[in-house]
Amino acid sequence: MVVLAIVAVLISSSVVATATAQSGQSTLAVERTEGPTVSDLDALESWLDETIARQLEEHHVPGATVVVVDDGDITVAKGYGYADLEAERPVVANETVFSIGSTGKLVTWTAVMQAVEDGQLELDRDVNEYLTDSAVSIPDAYPEPITLEHLGTHSAGFEDSFAGMLADSPDDVPSMEAILAAHQPERVRPPGEFVAYSNYGTALAGHVLAEQYDATFVEYVHERIFTPLGMANSTYAQPLPEHLEQRRAVGYTYQNGDYRAQPPLTWTLPPEGGSFRTTGPDMGRFMLAHLNDGVLGSERILRAETVAEMHRRHFTKSHAVPELNGMAYGFIEMDHGDERIVGHWGDTPRFKSLLALFPERDVGLFVAYNAPGGHAARFDLLDAFVNRYYPQSETPILSPPAGAADRAAALAGDYRSLTISDSSWERLLGVMTRTYSVGVTDDGSLTTTRLGEGTRTWVEREPGVYEEVGGSDYLVFGFDDEGSATHMYRHAFGPASYERVPWYESNSVMQGVVGAGVVAFVSVLLLWAGAPVWRRVRGREPPSRRERASRALLGVVSLLWLVVLVVFALAWINFNAEAASPSLTLRAGEILRFVALAGTVAAVAAAGLAWRHAYWTRLVRVHYSLVALLAVLFAWQLSLLGVLPL
């Protein structure tokens, strides 16, 4: 039953089409309409109070901090709910310290651009030329070198990897150079082709910066960004200094109606942002500097032209649909309609954050939450903010146009994020959580499903472009020269690209094979255990030694595969701990998977012998052969999941 329960967790869980190309570029533009003004502070604060209070309740989040900047000033900086439920300590905007995850990457890219201004770095230069005195070196997997331009747009072509990002304690954190050298992800595609979010890429850029200035990344950022901007409550220190530890927001999970406090994690790569802690007003100062051409008060951290360079688009994911959000430099494009927005969001297991700049409005919004429910809440807040203050005049499409059903049918299938591991068991996480299954309705609309996300419906706006029903998102498809869909992009999620996978890698096939394998393996174990009783009841002769050996072989193989499945399912569930320090259980599972594979090969051979020498009854031989075949298919699917490297 334990096996079945674990498996249930698993199982439940570029050119556009010819018509579009001929008609020119897509037109998704909408007209702006007048809404309330952010400068009406009483109305803004009242709206935020009501909105955040509702969010904390609906999304099961204990506390949040929100900052709005407008016209060169922090106009709203408020805390909501609790930073510590047990101590009944409320969130206080200018005191409570939040972990903001990858939103802190914007500090890294700001630092890189300072180095470009200093003449220390060039965006289009091979990063290996900056690493001559470092243990880190990027292999020449492709003719094109990786540059800081690629790193800043997440288009370097690295596989995804969490290895080395977490440690068991601050005492176990090695140098950034050592981590980057020891846990280098594979280069899996040429640079500059697709956007695929990379934590390693940002950390590598921070290391390049540190090498050029012969200083640690943390020292550089403190001197060149935190100090001039007055970000006195911002730090990468682990553990937190005592004066900040007393003000730390506790991270929570919500289970069975209760909030459960979780200890802080230890992160290893400061440029990646995991260890960055800050307050709302400190991030407000950072936003003001970016909105004011690099200046805050009497301090300048960037030239005006450098700020503009960071905020402009650097990577276009679809030239046929230029409205599709892509990547600025370090900043993610987050445009709503024709409202220009650049920013970033950040995720740690307990904390969720978002920073959004409206450069044309001189407005910025920052929010952070201290529970996983903040994942959805932050995007809901941004949508609500845009809809309230910068509404778009748009007529939604209610039904698909003529011929939509045929076009939609050609798009059905599974699309998997390129932000996924190719060389380790971490691929399991990506396959299960970053795959969209695209279906088709009778009227030609598309549906998408993904683990942890409900079904969403999309209506064709034009060939290859689909509008979300009841939402503001778009799906855009990329096509090969023959007109077949090869990639999918989401407008609301700029730093990702999704690749269409063949049918045999689809989640439905994986679930079917894994589920059938589990049933087959359990049946073998039941028959193995019950066979002696059955023979005694029926008065049958005991089997020969070869027959017993064959049964035992398949029984051991079945047990091993079930154990391997449980081990890696538990590793997925306890992903953070395993990423920080692989457990003995996981290490044992990594050995057992190869023992199970060798046993599977032997079981296939034993099935052949069973037919040749007429072991047992025909029905038993059929069962044995089917289980051996399912063991082969099971191993094949585990290899596609990254659990079994072949």
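Residues numbered from 1 in each chain as written. Predicted model: local features only at pLDDT ≥ 70, side-chain atom pairs only at ≥ 80, totals over all residues. Heavy atoms only, no water.

For the rest of this paragraph, the subject is the overall build of the chain. Helix and strand content of the chain: 19 helices and 25 strands. Computed over the C-alpha atoms, the radius of gyration of the chain is 27 Å, within 12% of the 26 Å expected from 2.2 N^0.38 for a compact globule of 646 residues. For the C-alpha atoms alone, the extent of the chain along its principal axes is close to 95 × 65 × 55 Å. Accessible area for the chain stands at about 26900 Å²; split by element, carbon and sulfur atoms hold 53% of it. (Helix = DSSP H or I, 4+ residues; strand = E, 2+ residues; numbered from the N terminus. Rg over C-alpha atoms; globule rule 2.2 N^0.38 Å. Areas by Shrake-Rupley, 256 points an atom, 1.4 Å probe, with all protein chains shown as cover.)

A few words now on the pattern of salt bridges. According to the stated counting rule, one finds 26 salt bridges in the structure shown. Here R340 ties to E333 by a salt bridge, and the two come within 2.7 Å at their closest N and O atoms. Assigned by exposure class, R340 and E333 land together as buried. Within the structure, one salt-bridge network assembled from shared partners comprises R450, E453, R456, E468, D473 and R490. (Salt bridge = Lys/Arg side-chain N within 4 Å of Asp/Glu carboxyl O. Buried < 20%, exposed > 50% of the residue type's maximum accessible area, 1.4 Å probe, protein only.)

Looking now at helix α18 (residues 584–612). The end-to-end C-alpha distance of α18 is 42 Å, a good match for the 42 Å that 29 residues give at a rise of 1.5 Å each. Those residues of α18 lying buried are L586, G589, R593, A596, G599, T600, A603, A606, A607 and A610. Residues of α18 that are buried sit in contact with α16 (545–573), α17 (575–580) and α19 (618–640). At the C-terminal side of α18, A614 shows a positive phi close to 55°. (Expected span 1.5 Å × (residues − 1). Contact = heavy atoms within 4.5 Å.)

As a further point, take the packing of aromatic side chains. Taken as a whole and judged by the stated rule, the model has 30 aromatic pairs. Ring centres of W47 and F385 lie 6.3 Å apart, and the angle between their planes is 55°; this geometry places the pair in the tilted category. Of this pair, W47 sits in helix α3 (residues 41–58) while F385 sits in helix α12 (residues 374–389), and the two are 338 residues apart along the sequence. Residue W47 is classed as buried on the basis of its relative accessible area of 13%. (Phe/Tyr/Trp six-rings, centres within 6.5 Å; stacked < 30°, edge-to-face > 60°.)

Spatially, seven strands are ordered β4-β3-β2-β16-β15-β14-β13 in an open sheet, and the strand pairing comes out antiparallel. Looking at which strands have only one partner, the edges of the open sheet turn out to be β4 (89–90) and β13 (332–333). The sheet contact formed by β13 and strand β14 (residues 342–347) spans two bridges and is antiparallel. If you follow I332 over to β14, its bridge partner there is G343. Here helix α10 (residues 280–291) sits on the sheet in contact with β2 (63–70), β3 (73–84), β15 (352–358) and β16 (363–369), set at roughly 25° to β2. α12 rests against β14, β15 and β16 of the sheet, and its axis sits at about 20° to β15. (Pairing = 2+ DSSP bridges. Axes fitted to C-alpha atoms, helices over the stretch in contact; angles between N-to-C directions.)

The biggest cluster of nonpolar side chains holds 111 residues, and the ones touching the most others in it are L148, L151, V221, I225, F286 and W561. The element best represented in this core is α16, accounting for eleven residues. Among the nonpolar cores identified, the runner-up in size contains 34 residues, and L48, V66, I341 and Y390 belong to it. (Core = buried A, V, L, I, M, F, W, Y, C linked by side-chain atoms within 4.5 Å.)

With eight bridges connecting them, β2 and β3 associate as antiparallel partners. Each residue of the ladder has a partner; that of A64, found in β3, is Y80. The loop that links β2 with its antiparallel partner β3 comprises two residues; one of these, D71, has a positive phi angle of about 55°. Where β3 and β4 come together, two bridges link them in antiparallel fashion. Looking across to β4, one finds that D84 is bridged to R89.

A rise of 1.5 Å per residue sets the reference length of helix α4 (residues 105–118), with its 14 residues, at 20 Å; its end C-alpha atoms lie 20 Å apart and thus fit the reference within 8%. Those residues of α4 that sit buried are K105, L106, V107, T108, W109, T110, A111, V112, M113, Q114, A115 and E117. Note on α4: the residue one or two positions beyond its end, G119, has a positive phi of about 80°.

Here we come to the pairing of strand β24 (residues 485–490). Across a regular strand the side chains alternate sides, sitting on one face of the sheet and then on the other. Most of β24 is tucked away, with five of its six residues classed as buried. Examined bridge by bridge, strand β23 (residues 474–479) and β24 share five bridges and lie antiparallel to one another. Across the sheet, the residue bridging to L475 is R490, located in β24. The turn joining β23 and β24, which pair antiparallel and follow one another in sequence, is formed by five residues; a positive phi near 90° is taken by G483. In this structure, β24 lies alongside strand β25 (residues 498–500), joined through two bridges in antiparallel fashion. What sits directly across from H487, in β25, is E499.

Once that is clear, we can look at the confidence of the model for the chain. Residues at a pLDDT of 70 or more form 93% of the chain, whose mean pLDDT is 92. Every residue in residues 1–25 scores below 50 in pLDDT, and together they form 48 contacts with partners more than four places removed in sequence or on other chains. (pLDDT = per-residue confidence, 0-100.)

A word on the environment of N576. Take N576: it is sitting in helix α17. In the structure, N576 is positioned 410 residues away from L166 in sequence and 7.4 Å away in space, judged by C-alpha atoms. Non-local contacts of N576, meaning those with residues more than four positions away in its chain, are made with L166, L265 and P349.

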